Amino acid sequence: MSKFLCNKCFYVKETEEAPDTCIVCGSDKTAFTKINYTEFQYFPDYWAEHLKEKINKIHENQILAGRNSVSFAFISDIHWGPNKKHSAALLKKVMDDCAIPYCVNGGDNVSGAGLCPASLIISELQEYSRHFSALESRMLLAQGNHDPSYSTLGGTNYYAENLTDDQLFEYMFRYETKYPDRVMSEAGSYFYAEDKAHKLRIVVLNPYDVPSEEVLPDGRAKYNKMRTLGYRQTQLEWFANVALNVPSSDWSVVLATHTSPSAGEDARNNNVILGLIDAFRNGKKYEAETECDIAGYNAKISADYTDKKGNFVLWVSGHTHDDRVLVTQDTLCLSVLSDWNHQHDRLPMQRTTGTTNEHAFDVFTIDFNRHKIYATRIGAGEDRVFDYKA
């Protein structure tokens, strides 16, 4: 049995031959291409000079930043089906050559077809895991909105069903528990990794923290994980009292999620996350009580950082498939270009297959002394430099 991708809407059909018609968008047979899931760990020759240039640039940034610095990689929105599938090899080359301890994956690893069975989502999550297995110990994975979302209901019922929390843990997060530098939440979908050598804590949160206990009469979850955004009481408490409880004031924190304020989406209790970051950075108390349109997101939070402040570097995310920057409450928020070469009207470049624009990910070098971030873009897009308020 093979898998065929509709290049118009990215529906994936498991069948012996390409379908005559796409059941989602109505395209004919010519829109379908057979997906080749060959698990190669190499990159084509046309990447060689670009990689050499970018690796040299990262070394230059690390020398400029000095010994009180650290680099980490960030990749997001891989969307497995239409992805050109060289990014695992590219990432490994860059991370190995530049001694980079971690890569954060901002989520949306599956193709993203709105009408498909759960088995397709699971198989793509497994295929992604196998493809990136050489980086497993260094890969910190965030949940995207496409990763748990599918629908077998037909018609226009896109993304109407969710993988369960236990399924997501099994196919996305269980591997994180193998490594002692990870501190997992009880929920399993948010956690942090600790780089003791550089006094950096990378925190991964889940903005699709839905009230899974609420169900419809047919047994489906009341709130789908594709479109329901927010942080619930338990996750907020974990972030406030565990993730931000750093060993000493000279430690720094990076927050990674699939979507952030720079994406233009107002996840429920985003303001609480920002308030906690501000209090942590400034060594003060924070209290908030929220009443949301969905009662399951109502929250009451109290935290005191007067004797346990730390430095906050940035909040980084994907989701938008383009580069965005927002500074709010003195917090630098970034959304980055998708690794998948999705062409859309907001892009200033052509993301052409067979060129170095077919992939995109970043290496962020944090200069703790100067409070600067040197962002080196591998693939489509430009290098950038940001200042942050510690």
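Residues numbered from 1 in each chain as written. Predicted model: local features only at pLDDT ≥ 70, side-chain atom pairs only at ≥ 80, totals over all residues. Heavy atoms only, no water.

**With respect to the overall build of the protein chain**
For the protein chain, the helix and strand inventory stands at 6 helices and 20 strands. A globule of 390 residues ought to have a C-alpha radius of gyration of about 21 Å, and the protein chain, at 21 Å, matches this closely. For the C-alpha atoms alone, the extent of the protein chain along its principal axes is close to 65 × 55 × 40 Å. Out of the 390 residues in the protein chain, the part that is buried amounts to 60%. For the protein chain, long-range pairs separated by at least 24 residues make up 66% of all intrachain contacts whose partners lie at least 6 apart in sequence. As displayed, the protein chain offers around 15,900 Å² of accessible surface, 46% of which is attributable to carbon and sulfur atoms. Between the averaged position of the 41 positive side-chain charges in the protein chain and that of its 53 negative side-chain charges there is a distance of 3 Å. (Helix = DSSP H or I, 4+ residues; strand = E, 2+ residues; numbered from the N terminus. Rg over C-alpha atoms; globule rule 2.2 N^0.38 Å. Buried < 20%, exposed > 50% of the residue type's maximum accessible area, 1.4 Å probe, protein only. Contact = heavy atoms within 4.5 Å. Areas by Shrake-Rupley, 256 points an atom, 1.4 Å probe, with all protein chains shown as cover. Lys, Arg positive; Asp, Glu negative; His and termini not counted. Charge placed at Lys NZ, Arg CZ, Asp CG, Glu CD.)

**A closer look at the pattern of salt bridges**
Inspection of every chain in the model, using the stated rule, returns 26 salt bridges. Measuring nitrogen to oxygen at the nearest pair gives 2.9 Å for the salt bridge that ties Lys 54 to Asp 383. Taken together, the residues Lys 54 in helix H1 (residues 48-65) and Asp 383 in the loop between strand E19 (372-379) and strand E20 (384-387) connect sequence positions 329 residues apart. Taking the shortest distance from any N to any O, the salt bridge between Glu 136 and Lys 178 comes out at 2.7 Å. (Salt bridge = Lys/Arg side-chain N within 4 Å of Asp/Glu carboxyl O.)

**Topic: the packing of helix H3 (residues 118-131) against helix H4 (residues 165-173)**
Contact geometry for H3 and H4: axes closest at 9 Å, N-to-C directions at 25°. Relative to H4, H3 is oriented roughly parallel. Contacts from Ile 122, Leu 125, Gln 126 and Ser 129 in H3 reach Gln 167, Tyr 171 and Met 172 in H4. Among the residues making up the contact of H3 with H4, the classes are represented as 4 nonpolar, 3 polar and no charged. (Axes fitted to C-alpha atoms, helices over the stretch in contact; angles between N-to-C directions. Parallel < 35°, antiparallel > 145°, perpendicular 65-115°, else oblique. Nonpolar A, V, L, I, M, F, W, Y, C, P; charged D, E, K, R; others polar.)

**Brief notes about the sheet that holds strand E1 (residues 2-6)**
With respect to topology, 3 strands assemble into an open sheet ordered E2-E1-E3, the strand pairing being antiparallel. A single partner strand is all that each edge strand has here, and the edge strands are strand E2 (12-15) and strand E3 (32-34). Along the sheet, successive strands turn relative to each other by an average axial angle of 30°, direction set aside. Relative to E2, E1 runs antiparallel, the two sharing 4 bridges. Bridge pairing links Ser 2 to Thr 15 in E2. (Pairing = 2+ DSSP bridges.)

**Observations concerning the side chain of Ser 71**
Counting through the fold element by element, Ser 71 comes out in strand E4 (residues 69-75). Only 2.7 Å separates the side chain of Ser 71 from the side chain of Thr 365, close enough to count as a polar contact. Dropping the residues within four chain positions of it, Ser 71 is found in contact with Gln 62, Ile 100, Pro 101, Val 363, Phe 364 and Thr 365. (Polar contact = N/O pair within 3.5 Å; in protein donor to acceptor, adjacent residues only side chain to side chain.)

**Observations regarding the pairing of strand E10 (residues 191-195)**
Judged by how many residues are buried, E10 sits mostly within the fold: 5 of 5 residues are covered. Of the two faces of E10, the one lined by Phe 191, Ala 193 and Asp 195 and the one lined by Tyr 192 and Glu 194 are each fully buried. Direction of pairing for strand E9 (residues 182-184) relative to E10: antiparallel, over a ladder of 3 bridges. Within the sheet, the bridge partner assigned to Met 184 lies in E10 and is Phe 191. The antiparallel hairpin formed by E9 and E10 contains 6 residues in its connecting segment, where Gly 188 sits at a positive phi of about 90°. Both E10 and strand E11 (residues 200-204) contribute to a ladder of 5 bridges, which runs antiparallel. Considered in E11, the bridge of Phe 191 is made with Val 204.

**Points about the pairing of E11**
Among the 5 residues that make up E11, 5 are buried, leaving the element largely enclosed by the rest of the structure. Residues Leu 200, Ile 202 and Val 204 of E11 are buried on one face, and the alternating residues Arg 201 and Val 203, pointing to the opposite face, are buried as well. A loop of 4 residues connects E10 with E11, the two strands running antiparallel in sequence, and Lys 199 in this loop sits at a positive phi of about 55°. Where E11 and strand E12 (residues 252-256) come together, 5 bridges link them in parallel fashion. Paired with Leu 200 across the two strands is Ser 252, which belongs to E12. For the crossover from E11 across helix H5 (residues 233-243) to E12, the handedness is right-handed. (Right-handed = clockwise from strand over helix to strand, strands pointing away.)

**Observations regarding the packing of H1 against helix H2 (residues 87-97)**
Closest axis-to-axis distance for the H1/H2 pair is 10 Å, and the angle between their directions is 35°. Relative to H2, H1 is oriented so that their crossing is right-handed. Touching Leu 51, Ile 55, Ile 58 and His 59 of H1 are Leu 90, Lys 93, Val 94 and Asp 97, all from H2. Grouping the constituent residues of the contact of H1 with H2 by class yields 5 nonpolar, 1 polar and 2 charged. (Left-handed = near helix turned anticlockwise from the far one by under 90°.)

**Points about the environment of Phe 32**
Its location among the elements puts Phe 32 in strand E3. Here the alpha-carbon distance between Phe 32 and Thr 21, two residues 11 residues apart in the chain, equals 9.0 Å. Those residues in contact with Phe 32 that lie beyond four places of it in its chain are Phe 4, Leu 5, Cys 6, Asn 7, Tyr 11, Ala 18, Pro 19, Thr 21 and Cys 22.

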